[in-house]
Amino acid sequence: MKTPVTVTCSCGRFRATAHDIAANSGNHVVCYCDDCQLFQHHLGTADEVLDEHGGTHIFQISPAKFEPIRGHEQLACLRLRPGGLIRWYTRCCSTPLGNTLATPTVPFFGLIRTSTQTVDGGGDVEAATGPVLCGVYGTYANGRPDEFRVYDKAPLWLLLRFMRKMLRWRFRGDGKRSPFFDAGSGRLRVKPHVLREEELAAAIERREAPSKSG
Ligand SMILES: [Zn+2]
Ligand SMILES: [Zn+2]
């Protein structure tokens, strides 16, 4: 069953609907990579978003299925380093939203799971997205979960599954219906902030520090 998921930032100024969420409509993965962890440490949301092993729950969907409803002006993005992945969050309260590439020609949106997401009509977001397919970049994980397999990198079968879906979205023209890019120019709607050296260093320092939750 496909169901809409409401994505709200913690202060409530930004709201979006992720349409047609179902196990088959995307890829539910947990990413343990260094950069996904640093993104949360930079925003100050690591304790809330990262699981006990440092993983970020990501559901890769078509960007055309992510529809901002209010607070469009709160959409902000950053890169940890020049040329890196585009990581979206809200300007108002630094709620992480997800990631894209810097071009709409590889259309996908890696929606990041946060506690403020709700399934319309009730129910669990995990039930809507289906179980985790696998964990990736496990070399950066802090211990291993028992519930699903964790790979050191992204396994080939996952890349192929991603390619199949992404190409379908691309042929459908979903890249042009992405809320993150201007349909005409194909440029990012918001200029990404590239972290300054000291901002990145501060995020690394916070990751090294013992977490508040222990
Ligand atoms: Zn907010
Ligand atoms: Zn990652």
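Note that this is a predicted model, so its numbers are computed, not measured.

## As for the side chain of Q117
Here is step 1: Inspection of the secondary structure assignment puts Q117 in the loop between strand 9 (109–112) and strand 10 (118–119).
Here is step 2: Assessed through its relative accessible area of 7%, Q117 is described here as buried.
Here is step 3: Looking at Q117, its side chain comes within polar contact range of the main-chain oxygen of I112, at 2.7 Å.
Here is step 4: In contact with Q117, not counting residues within four places along its chain, are V5, T6, V7, L111, I112 and V125.

## Brief notes about helix 1 (residues 34–43)
Here is step 1: With 7 of 10 residues buried, helix 1 lies mostly within the body of the structure.
Here is step 2: Three or more residues of helix 1 are buried, namely C36, Q37, L38, F39, Q40, H41 and L43.
Here is step 3: At the C-terminal side of helix 1, G44 shows a positive phi close to 85 degrees.

## Focus on the coordination of the zinc ion (ligand 1)
Here is step 1: Only C9 (SG), C11 (SG), C92 (SG) and C93 (SG) from the protein coordinate the zinc ion (ligand 1), and they sit 2.3 to 2.4 Å from it.
Here is step 2: Motif for the zinc ion (ligand 1), donor spacing along one chain: C-x1-C-x80-C-C.

## Overview of unusual backbone geometry
Here is step 1: The phi dihedral of D20 is positive, around 55 degrees, even though this residue is not glycine.
Here is step 2: Its location among the elements puts D20 in strand 2 (residues 15–21).
Here is step 3: The exposure class assigned to D20 is partly exposed, which follows from its relative accessible area of 30%.
Here is step 4: Non-glycine residue Y137 carries a positive phi angle of around 55 degrees.
Here is step 5: Structurally, Y137 is set in the loop between strand 11 (134–136) and helix 4 (156–171).

## A short note on the pattern of salt bridges
Here is step 1: Applying the stated rule across the entire model yields 10 salt bridges.
Here is step 2: Between E198 and R196 there is a salt bridge, and its shortest N-O distance comes to 3.2 Å.
Here is step 3: Residue class for R196 comes out partly exposed when judged on its relative accessible area of 45%.
Here is step 4: Of the charged contacts, one joins R207 and E208 as a salt bridge, the two residues approaching to 2.6 Å between their closest N and O atoms.
Here is step 5: Overall, E208 belongs to the exposed group, its relative accessible area being 54%.
Here is step 6: Three or more residues joined by partner-sharing salt bridges are found here, namely D34, R207 and E208.

Here is what the cut-offs are and how they apply
- Counting starts from 1 at the beginning of each chain's written sequence and moves along it residue by residue.
- Chains carry letters from A onward and ligands carry numbers from 1 onward, assigned in written order.
- At least 70 in pLDDT is required for a residue's local features to be given in this predicted model, at least 80 for side-chain atom pairs to be given and counted, and no such filter applies to totals for whole chains, interfaces and linings, which use all residues.
- Side-chain numbers here rest on the full set of heavy atoms in the structure, without hydrogens or water.
- Per the convention used, a helix needs a DSSP run of H or I reaching at least four residues, while a strand needs a run of E reaching at least two, with both numbered from the N terminus.
- Each residue is assigned to one of three classes by its accessible area relative to the maximum for its type, calculated with a 1.4 Å probe on protein chains only: buried under 20%, partly exposed between the two thresholds, exposed over 50%.
- Pairs of N or O atoms are called polar contacts if they sit within 3.5 Å, as long as, within protein, a hydrogen donor faces a hydrogen acceptor (for residues adjacent in sequence, only side-chain-to-side-chain pairs).
- Any two residues having at least one pair of non-hydrogen atoms within 4.5 Å are treated as being in contact.
- In this analysis a donor is any N, O or S atom within 2.8 Å of a metal ion (3.2 Å for sodium, potassium and calcium), and since water is not included, sites may seem incomplete.
- One side-chain nitrogen of Lys or Arg within 4 Å of one carboxyl oxygen of Asp or Glu is enough to make a salt bridge.

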